[in-house]
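# Survey of secondary and tertiary structure
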Amino acid sequence: MALPTFGPETAVRNEQAQAIAGFMRGFSLEATRPPPQEIAALAKIAPAGTQVYVSAVPYRPVAESIATAARLRASGFEPVPHLAVRNFASVADIDEFLARMRGEAGTERFLVIAGDRDEPAGTLHSAIDVIDGALLRRHGVQEVGLAGYPDGHPRISQGDLDRILIEKIAAAEEIGLAVHIVTQFTFHPGELIAWLKRLRAFGVEHPVRVGLAGPTSFVTLMRYARRCGVRATAQALARQAGLARQLFTMWTPGTQVGALAEAHREGQLGALAPHFFSFGGLLPTARWANQGAVVSDQ
């Protein structure tokens with residue numbers, strides 16, 4: 001019996017599938033106050049040990065984040081809480097937060113950010129106010145995540161963003177903390193790849209988790225994009241879905257994943273993994289990420 005033949009197109013598809021699978025391995029998720037039943041359901045979808053970042057919501061009690069992190073840990077996940085500096089009235093409040101996170105959720109990693117509050121709750125204004133000291137190490141923190149902005153920041157120049165990131169990395173390493181970078185979500189893989197190459201050219205070789213919006217409706221996606229200051233317009237998204245269909249279709253990050261996986265396979269971007277924001281729900285995002293079969297959006 002004659003064996004089937006596989007042409008060059010099949011080989012290319014196989015290479016692309018392998019590149020995507022390699023890129024998707026070790027994905028992380030981001031959630032905001034998922035209820036206990038959702039965390040229980042997540043344990044049947046996402047691999048054990050998956051890092052789940054716990055968003056900090058301004059003006060909400062930090063006890064909510066602590067309870068969420070504890071439930072995630074009990075369900076076999078690795079919680080990575082946001083430590084939003086501007087949400088805390090004092091260093092003593094952060095000290096208590098870290099102690100409870102360590103004691104109740106066993107956390108060793110935090111994403112340390114300034115936070116979204118225009119007016120800080122106390123005297124602390126930026127992430128480096130917490131990183132540059134002994135507070136984190138005193139509570140057993142081993143690693144910090146730092147924010148990256150491939151699309152820029154509405155109130156900070158790119159030059160200042162670069163300088164601030166390098167200063168935070170240096171401060172974290174000075175006290176013996178491992179560092180990784182988590183980017184804001186973006187719709188532009190080309191700009192993200194250029195940002196990553198520039199980062200590596202600066203000598204920043206730390207792992208990067210690239211922020212991507214998980215499956216959601218275009219209406220929801222645009223609402224979050226505007227809220228988060230992401231440089232995306234309805235016209236830019238319309239080029240991917242078609243303006244007439246935009247309100248009635250679901251966004252998936254297939255195009256972004258395919259482009260990043262291909263660039264990652266070429267070996268120019270360093271340690272890289274996707275980080276999915278669950279705007280359309282934690283469980284649908286986890287299912288999509290875990291499938292590993294990504295179809296590029298047309």
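A brief structural summary.

Turning to the overall build of the protein chain, a few remarks are in order. Counting secondary structure elements, the protein chain contains 12 helices and 10 strands. For the protein chain, the residues scored as buried account for 47% of the 298 residues in total. Long-range pairs, those at least 24 residues apart, make up 80% of the contacts in the protein chain with a sequence separation of at least 6. With the model as given, the accessible surface of the protein chain reaches about 14100 Å², and the carbon-plus-sulfur share is 54%.

Attention shifts here to the side chain of Thr107. Along the chain, Thr107 turns up in the loop between helix H4 (91-105) and strand S4 (109-113). Only 3.3 Å separates the side chain of Thr107 from the backbone oxygen of Met101, close enough to count as a polar contact. Once residues lying within four places of it in the same chain are set aside, the contact partners of Thr107 are Arg73, Pro79, Pro81, Met101 and Arg102.

Time to look at helix H11 (residues 254-265). For H11, built from 12 residues, the straight-helix expectation of 16 Å at 1.5 Å per residue is met to within 8% by its first-to-last C-alpha distance of 16 Å. Among the residues of H11, those classed as buried are Gly254, Gln256, Val257, Leu260, Ala261 and Ala263. Gly267, located one to two residues past H11, shows a positive phi value of around 80°.

Below, the discussion takes up the pairing of strand S2 (residues 51-54). Residues Gln51 and Tyr53 of S2 are buried on one face, and the alternating residues Val52 and Val54, pointing to the opposite face, are buried as well. Alignment of strand S1 (residues 28-31) against S2, held across 3 bridges, turns out to be parallel. Each bridged residue has a counterpart across the sheet, and for Glu30 the counterpart in S2 is Tyr53. As for the winding sense of the linkage, the β-α-β connection from S1 through helix H2 (residues 36-42) to S2 is right-handed. For S2 and strand S3 (residues 78-84), the ladder comprises 4 bridges, and the chain directions are parallel. When the sheet's bridge partners are listed, Val52 is paired in S3 with Pro79.

Read once around its circumference, the closed barrel built from 8 strands follows the order S1-S2-S3-S4-S5-S6-S7-S10, with strand pairing classed as parallel. Adjacent strand axes in the sheet meet at a mean angle of 30°, parallel and antiparallel pairs treated alike. Helix H3 (residues 62-74) rests against S2 and S3 of the sheet, and its axis sits at about 165° to S3. Relative to the sheet, helix H12 (residues 282-291) contacts S1 and strand S10 (272-277), its axis offset from that of S1 by approximately 170°.

This structure, assessed with the given rule, holds 9 aromatic pairs. Consider the rings of Phe27 and Phe276, whose centres lie 6.3 Å apart with planes at 65°: the pair is edge-to-face. Within this pair, whereas Phe27 is found in the loop between helix H1 (8-24) and S1, its partner Phe276 is found in strand S10, the two being separated by 249 residues in sequence. Three or more aromatic residues link up through ring pairs in this structure, and these residues are Phe185, Phe187, Trp251, Phe277 and Phe279.

On to the pattern of salt bridges, then. For the coordinates displayed, the defined rule picks out 12 salt bridges. With a shortest N-O distance of 3.4 Å, Asp160 and Arg163 are connected by a salt bridge. On the criterion of helical spacing, the pair formed by Asp160 and Arg163 is a turn pair, its members being 3 residues apart in helix H7 (residues 158-174). Look at the salt bridges and you will find they share partners, linking Arg73, Glu78, Arg109 and Glu143 into a network.

Bringing the side chain of Thr68 into the picture now. Along the polypeptide, Thr68 turns up in helix H3. Aside from chain neighbours lying at most four places away, what touches Thr68 is Arg33, Pro34, Ile39 and Val54.

Right, let's get into the packing of helix H8 (residues 189-201) against H11. Running from N to C, H8 and H11 point in directions that differ by 30°, and their axes come no closer than 9 Å. Taken as axis vectors, H8 and H11 run roughly parallel relative to one another. The chirality of how H8 crosses H11 is right-handed. Listed contacts from H11 to Pro189, Leu192 and Ile193 of H8 are Gln256, Ala259, Leu260 and Ala263.

What counts, and at which threshold
Residues numbered from 1 in each chain as written. Predicted model: local features only at pLDDT ≥ 70, side-chain atom pairs only at ≥ 80, totals over all residues. Heavy atoms only, no water. Helix = DSSP H or I, 4+ residues; strand = E, 2+ residues; numbered from the N terminus. Buried < 20%, exposed > 50% of the residue type's maximum accessible area, 1.4 Å probe, protein only. Contact = heavy atoms within 4.5 Å. Areas by Shrake-Rupley, 256 points an atom, 1.4 Å probe, with all protein chains shown as cover. Polar contact = N/O pair within 3.5 Å; in protein donor to acceptor, adjacent residues only side chain to side chain. Expected span 1.5 Å × (residues − 1). Pairing = 2+ DSSP bridges. Right-handed = clockwise from strand over helix to strand, strands pointing away. Axes fitted to C-alpha atoms, helices over the stretch in contact; angles between N-to-C directions. Phe/Tyr/Trp six-rings, centres within 6.5 Å; stacked < 30°, edge-to-face > 60°. Salt bridge = Lys/Arg side-chain N within 4 Å of Asp/Glu carboxyl O. Parallel < 35°, antiparallel > 145°, perpendicular 65-115°, else oblique. Left-handed = near helix turned anticlockwise from the far one by under 90°.

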